[in-house]
Amino acid sequence: MTVKAIAKISSEMAISSKLRGSSDTNESLPPAVLEAWESLPEPIRTALVNNEVSKSRHMLHSSTSQTVSSVSKSSRFLPSSSSSSSSNASASSNNSSNGDADDAKDEMLQECPESGGTVLLRPLERAPRNVFSFEKTHVEEIVEVKKSANKLTTTTTKTVSTGRGWRNVFTLPISYDVNVVPHGTLLDPSNPQLLHATGPTCDEYKRRFAVIDNVVDELYGDAIRGYFGARGIELTTVIINGGEAEKRPGAVDKILDELCLYKLRRREPFLAIGGGVVLDIAGMAACLYRRGVPFVRVPTTLLAIVDASVGVKNGVDYCCAVTNDTYKNRVGSFYAPSSCLLDNSFISTQDARNVSNGFGEILKLALVRSEDLFELLEAHGAALVQSRFAATPSVPEGVSDRIIDLSIQIMLEELGPNLWEKQLDRCVDYGHTFSKLLEMVPGADIMHGEAVNVDGFFCVVLSHLRGYIDMDTVNRIFQCMKSLSLPTNSEDLKSDLAWQSCKDAIEHRHGEQRIPLITGIGESICVSDITRDELDRALELMKEFNH
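Residues numbered from 1 in each chain as written. Predicted model: local features only at pLDDT ≥ 70, side-chain atom pairs only at ≥ 80, totals over all residues. Heavy atoms only, no water.

S.K.: I tried to follow the overall build of the protein chain on my own but got confused; where do I start?
M.R.: Along the protein chain, the regular secondary structure elements total 18 helices and 14 strands. Out of the 547 residues in the protein chain, the part that is buried amounts to 43%. Sequence-distant contacts, at least 24 apart, represent 70% of the contacts inside the protein chain between residues at least 6 apart. Roughly 28,800 Å² of accessible area belongs to the protein chain as shown, and the carbon and sulfur atoms make up 50% of that amount. (Helix = DSSP H or I, 4+ residues; strand = E, 2+ residues; numbered from the N terminus. Buried < 20%, exposed > 50% of the residue type's maximum accessible area, 1.4 Å probe, protein only. Contact = heavy atoms within 4.5 Å. Areas by Shrake-Rupley, 256 points an atom, 1.4 Å probe, with all protein chains shown as cover.)

S.K.: Looking at this structure, how should I read the packing of aromatic side chains?
M.R.: Centre distance and the angle of the planes are the two values used to describe a pair of aromatic rings. A complete count under the given rule lists 12 aromatic pairs for this structure. With centroids separated by 6.0 Å and ring planes inclined at 85°, the aromatic side chains of Phe209 and Phe270 adopt a geometry described as edge-to-face. Residue Phe209 is located in strand E6 (residues 207-213), and its partner Phe270 is located in strand E8 (residues 270-274); the two are separated by 61 residues in the primary sequence. Aromatic side chains Phe457 and Phe545 sit 5.1 Å apart centroid to centroid with 90° between the ring planes, which places their arrangement in the edge-to-face category. Of this pair, Phe457 sits in helix H15 (residues 448-465) while Phe545 sits in the segment after helix H18 (532-542), placing them 88 residues apart in sequence. (Phe/Tyr/Trp six-rings, centres within 6.5 Å; stacked < 30°, edge-to-face > 60°.)

S.K.: Any chance you could explain unusual backbone geometry here in plain terms?
M.R.: The phi torsion at Asn329 lies on the positive side, around 50°, for a residue other than glycine. Structurally, the position occupied by Asn329 is in strand E11 (residues 326-334). Asn329 sits in the partly exposed class, given a relative accessible area of 38%. Unlike most non-glycine residues, Phe389 shows phi in positive territory, near 70°. Tracing the backbone shows Phe389 in the loop between helix H12 (371-387) and helix H13 (399-415).

S.K.: What am I meant to see in a nonpolar patch on the surface here?
M.R.: On the surface, Phe170, Leu172, Ile174 and Trp420 cluster together into a nonpolar patch covering about 390 Å² of accessible area. In this fold, Trp420 is placed in the loop between H13 and helix H14 (435-440). (Patch = residues over 30% accessible without salt bridge, like charges linked within 9 Å, V, L, I, M, F, W, Y side chains within 5 Å. Salt bridge = Lys/Arg side-chain N within 4 Å of Asp/Glu carboxyl O.)

S.K.: Can you help me understand the confidence of the model for the protein chain in this one?
M.R.: Interpreting fine coordinate detail is not advised for predicted regions of low pLDDT. Confidence along the protein chain averages 85 in pLDDT terms, with 81% of residues attaining 70 or more. Taken together, the stretch residues 14-27 has pLDDT below 50 and engages in 16 contacts with residues farther than four places along the chain or on a different chain. Segment residues 57-101: pLDDT under 50, and 22 contacts once partners within four positions in sequence are set aside and those in other chains are kept. (pLDDT = per-residue confidence, 0-100.)

S.K.: Explanation requested: the sheet that holds strand E2 (residues 118-123) in the structure shown.
M.R.: Pairing is antiparallel in the open sheet, where 4 strands are placed in the order E1-E2-E3-E4. The sheet is open, and its two edges are formed by strand E1 (108-111) and strand E4 (151-168), each paired on a single side. Geometrically, the sheet is characterised by an average inter-axis angle of 20° between neighbouring strands, direction not taken into account. Two elements, E2 and strand E3 (residues 131-148), share 6 bridges in a ladder whose sense is antiparallel. Residue Leu120 lies in a different strand from E3, and its bridge partner there is Glu135. (Pairing = 2+ DSSP bridges. Axes fitted to C-alpha atoms, helices over the stretch in contact; angles between N-to-C directions.)

S.K.: For this particular structure, what's the right way to read the pattern of salt bridges?
M.R.: Pairing is possible between side chains that carry opposite charge, provided their charged atoms lie close to one another. Taken as a whole and judged by the stated rule, the model has 29 salt bridges. Arg426 is the partner of Glu421 in a salt bridge, and the nearest nitrogen-oxygen pair spans 3.3 Å. Arg426 shares its class with Glu421; the two are buried. Within the structure, one salt-bridge network assembled from shared partners comprises Lys313, Glu421, Arg426, Asp429 and Arg509.

S.K.: What am I meant to see in helix H7 (residues 214-229) here?
M.R.: In an α-helix, one turn spans 3.6 residues; hence positions three or four apart end up facing the same way. Considering bend angle alone, the principal kink of H7 is centred on Tyr220 and spans about 75°. Buried within H7 are the following residues: Val216, Tyr220, Gly221, Ile224, Tyr227 and Phe228. Turning to H7, the residues buried within the fold contact helix H6 (193-197), E6, strand E7 (234-240) and E8. Its side-chain oxygen 2.8 Å from the backbone nitrogen of Val215, Asp213 forms the N-cap of H7. (Bend = angle between axes of the 7 residues up to and from the residue. Polar contact = N/O pair within 3.5 Å; in protein donor to acceptor, adjacent residues only side chain to side chain.)

Okay, structure coming up:
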């Protein structure tokens, strides 16, 4: 006889005996039940009895207190004039069980964000932290004033609507590490970091799947395969073109096809190694495959190290069949990597233009958040562009790492509390209002960080016209940008594009422009009242600089 069967047969008898203060249940229990009951260890018997007693008390008191409880709860919806009757009802229930008091504490009264009505939430027994039944009450008051002869008649109509349902509440446990790998050691077989990040190391698990940027594959493909080969790991790869033109849904489909062929398991991470475009595409595929599988980011460009690698946004550009327009990052997801591995040595194989491109995002962060970072860029940025972040006699030891560390920390500080962008006034959107359309101009030869910088300088000029910063500050920023070999203007930045960018910002940022402008180096605000006339005056002032 099972414990459950014993409890079912004997529960009422055991409870009755317990409540009478007697332990003599033997007279009422059938012999078979008694024998089975006695065979149970004492702790189990005690637990069963206590559990049934608790349930019985709840049932006994719930029926007697139901009316009082109903009055007490409904009074919470009444206006203040009924407070005295509510108090009396509360007083009359003072003798009710502690169980009812605990239940009342579990209830939550909230305001409905959509209607402004009242919502009473009650947690469900099996999932009290996540699932609630609710009752919604909304009172709508309409006041109508009519004039007849010399008399005004005011009529107030109140409409009370109610509803019920359930609410599911779940907080995603987002946690991922951005790991700094000792310089130049990520692909060294003696360093196990990449192996451990991409899956178990047991003998039964001897395979890995990797999405690799085509340029990275040319430069580091042999080293990547050699790393896993030295550990006896079979590596399956899919090569993705890392150019902006390839950032389309078709690239995601290519990865998904290969994942299906590989039969990636639900909790099996895959590796994404490359620049920001490849990391975005791979992240989108990870989010979609089996409704979400883990993936590991390894950024290989300066831009990706300080930008794409540290956040949770993934996505692709989308060409709409109806409008025939292409929208940058219009289709995407918020999906965190399982981890990120940073080895700054990859920067050494980038050309100078790509290094400058990465500085576009770093300078953006300096302008809105850190004067210290700006001063480092002023002093050492030009040399680091030329050396591709390698150590040189003209750059003190540790400066290059300090610039990257500061940039990542600032980015994480801004993104961390707002990963899903519930707050749309974001200083990290600096340089991302006008740059989107600049990048999407057909045939435009402009990289992401370059477009961000053009946008950034245009916003510097807007700040000056508003009186936020003086011309000395404008010139100082301009000189820093030029020292980093970053463009400060574009022939495509014209009045129509600038104004359309503001309208797109209103759509993307939920009804307001929310354009970040600096009020000093390292300080910023978001504004939503930029006019077309203001944009045109800024464009005229831009012509006075030697771009």
